[in-house]
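Observations on the model geometry
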Amino acid sequence: MKLIERDELAAFLAREFPQTRVTVEQVDAHEAVVAHEIGAAELRPGGTVSGPVMMAVADVALYVAVLSRIGLVPLTVTTNLSINFLRKPRADRRILGRCRLLKLGRTLAVGEVTLYSEGDPDPVAHATGTYAIPRER
């Protein structure tokens, strides 16, 4: 199975999901890395990054990881996403999501995403998710 390259995935996301601010940083056989710039619109009182922003980063990271392995199949969809918020992310740094697929089957993919404030080694959140892969591709 041929791995879909970062540039092709980035162009696909820009075309199909122009509303997302998540960017594809890296894709290889072991993981996908995405990033989200943080600005005033992403912050909650107390200067923390909002939960919905972190959920979006986790979801896109998993989507990118799956598509990098199966090809650009737009109707591959989230069926479950669960997140644990571990610590307050930095308001002045991008949020990075590193996804590793745990299982890639014919109709389901399961992965985990660890979220970081860029430059900090300690994770700010951990998510697990499942994607449904259409039978007909």
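Before any of the text, the structure's been laid out above.
Here the structure is a predicted model, which is why all the values come from computation and not from measurement.

1. Quick notes on the packing of aromatic side chains
Counted according to the given criterion, the structure contains four aromatic pairs. Their ring planes at 40° and their centres at 6.4 Å tell us that Phe 12 and Tyr 63 sit as a pair that is tilted. Of this pair, Phe 12 sits in helix 1 (residues 6-16) while Tyr 63 sits in helix 2 (residues 51-70), placing them 51 residues apart in sequence. For the residue pair Phe 12 and Tyr 63, the accessibility class agrees, reading buried in each case. Put simply, the rings of Phe 12, Phe 17, Tyr 63 and Tyr 131 pair up and form one aromatic cluster.

2. So, the side chain of Glu 42
Summarising the element assignment, Glu 42 is placed in the loop between strand 2 (32-36) and strand 3 (43-44). By relative accessible area, which is 7% here, Glu 42 ends up buried. Not counting residues up to four positions away in its chain, the partners in contact with Glu 42 are Arg 21, His 36, Glu 37, Thr 48, Val 49, Ser 50 and Val 53.

3. Some points on the nonpolar core
Grouped together as the largest cluster of nonpolar side chains are 37 residues, with contacts concentrated most on Val 64, Val 66, Val 113 and Leu 115. Among the elements of the structure, helix 1, strand 1 (22-27), strand 2, helix 2, strand 6 (95-104), strand 7 (108-117) and strand 8 (123-132) are those that each provide at least two residues to this core. Here this core gets 13 residues from one element, more than from any other, and that element is helix 2. Sequence-distant contacts of Leu 115, defined by excluding residues within four places in its chain, comprise Met 54, Val 57, Ala 58, Ile 83, Ile 95, Leu 96, Gly 97, Pro 123, Val 124 and Ala 125.

4. Description of the packing of helix 1 against helix 2
Contact geometry for helix 1 and helix 2: axes closest at 11 Å, N-to-C directions at 125°. One way to sum up the angle between helix 1 and helix 2 is to call them oblique. By crossing handedness, the relation of helix 1 to helix 2 is classed as right-handed. Of the residues in helix 2, those touching helix 1 at Leu 9, Phe 12 and Leu 13 are Val 60, Tyr 63, Val 64, Leu 67 and Ser 68. Residue composition of the contact of helix 1 with helix 2, grouped by class: seven nonpolar, one polar and no charged.

What counts as what
Residues numbered from 1 in each chain as written. Predicted model: local features only at pLDDT ≥ 70, side-chain atom pairs only at ≥ 80, totals over all residues. Heavy atoms only, no water. Phe/Tyr/Trp six-rings, centres within 6.5 Å; stacked < 30°, edge-to-face > 60°. Helix = DSSP H or I, 4+ residues; strand = E, 2+ residues; numbered from the N terminus. Buried < 20%, exposed > 50% of the residue type's maximum accessible area, 1.4 Å probe, protein only. Contact = heavy atoms within 4.5 Å. Core = buried A, V, L, I, M, F, W, Y, C linked by side-chain atoms within 4.5 Å. Axes fitted to C-alpha atoms, helices over the stretch in contact; angles between N-to-C directions. Parallel < 35°, antiparallel > 145°, perpendicular 65-115°, else oblique. Left-handed = near helix turned anticlockwise from the far one by under 90°. Nonpolar A, V, L, I, M, F, W, Y, C, P; charged D, E, K, R; others polar.

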